[in-house]
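Chain and residue survey
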Amino acid sequence: MTAYGPLPSTVIAIDPPGCGCTECMTGEYVPLQRATPDQVAALLNGTLRNHLHSGTKLLVNVVYEFLSPGGSLTVQTVVVTFDNEYSDQDSDLSWELTAAQLPTG
Ligand SMILES: [Zn+2]
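Here we summarise the structure given alongside this text. In this convention, every chain numbers its residues from 1, walking through the sequence in written order. Local features are withheld for residues below a pLDDT of 70 in this predicted model, meaning they are given only at 70 or higher, and side-chain atom pairs are given and counted only at 80 or more; totals for whole chains, interfaces and linings count all residues. Computation of side-chain values: all heavy atoms of the structure, hydrogens and water removed.

A word on the coordination of the zinc ion. Ideal values for angles at a metal depend on the geometry: 109.5 degrees with four tetrahedral donors, 90 or 180 degrees with six octahedral donors. Sites may look incomplete because water is not among the atoms; the donors themselves are N, O and S atoms within 2.8 Å of the metal, or within 3.2 Å for Na, K and Ca. Distances from the zinc ion to its protein donors, namely D15 (OD), C19 (SG), C21 (SG) and C24 (SG), fall within the range 2.0 to 2.3 Å. Only two sets of limits are used to name each site, 85 to 135 degrees for every angle of a tetrahedral four-donor site, and over 155 degrees for opposite donors with all other angles from 65 to 115 for a square planar four-donor or octahedral six-donor site, with any other site named irregular. Geometry at the zinc ion is tetrahedral, judged from the four donor atoms that bind it and their angles of 99 to 116° at the metal. In the primary sequence, the donor residues of the zinc ion line up as D-x3-C-x1-C-x2-C. For C21, a relative accessible area of 23% corresponds to the partly exposed category. For each residue, the accessible area found with a 1.4 Å probe, counting protein chains only, is set against the maximum for its type, and the residue is called buried under 20%, exposed over 50%, and partly exposed in between.

This paragraph deals with the sheet that holds strand β1 (residues 13-15). Taken in spatial order, the three strands line up as β2-β1-β3 in an open sheet, and their pairing is parallel. Each end of this open sheet is capped by a strand with a single partner; those strands are β2 (29-31) and β3 (49-50). Bridging between β1 and β3 involves two bridges; their strand directions are parallel. When the sheet's bridge partners are listed, A13 is paired in β3 with R49. In short, DSSP must find at least two bridges between two strands for them to pair. To qualify as a helix, a DSSP run of H or I must reach at least 4 residues; to qualify as a strand, a run of E must reach at least 2; elements of each kind are numbered from the N terminus.

Okay, structure coming up:
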């Protein structure tokens, strides 16, 4: 393992947005605003460690679709949104996940 360059596979935790700690620099942790959809999905499923501030809220918006009359519900889109109150620009963060990444727990 090397500390150089972006190596998303080595990320083990999601840090608070705007975090600039040593681990965020080396790629061991990733601040929330730089997290990829895969990493957000891993956070929600518990495979990445959660280092977010207590009280941090993530909105998970799931759109289901009936593909045929009487058919079963199918997940159409999964969008995770974070109300970025820590940013001066007040820009919300959002990630579009696949149906397979829908948090189960
Ligand atoms: Zn950090």
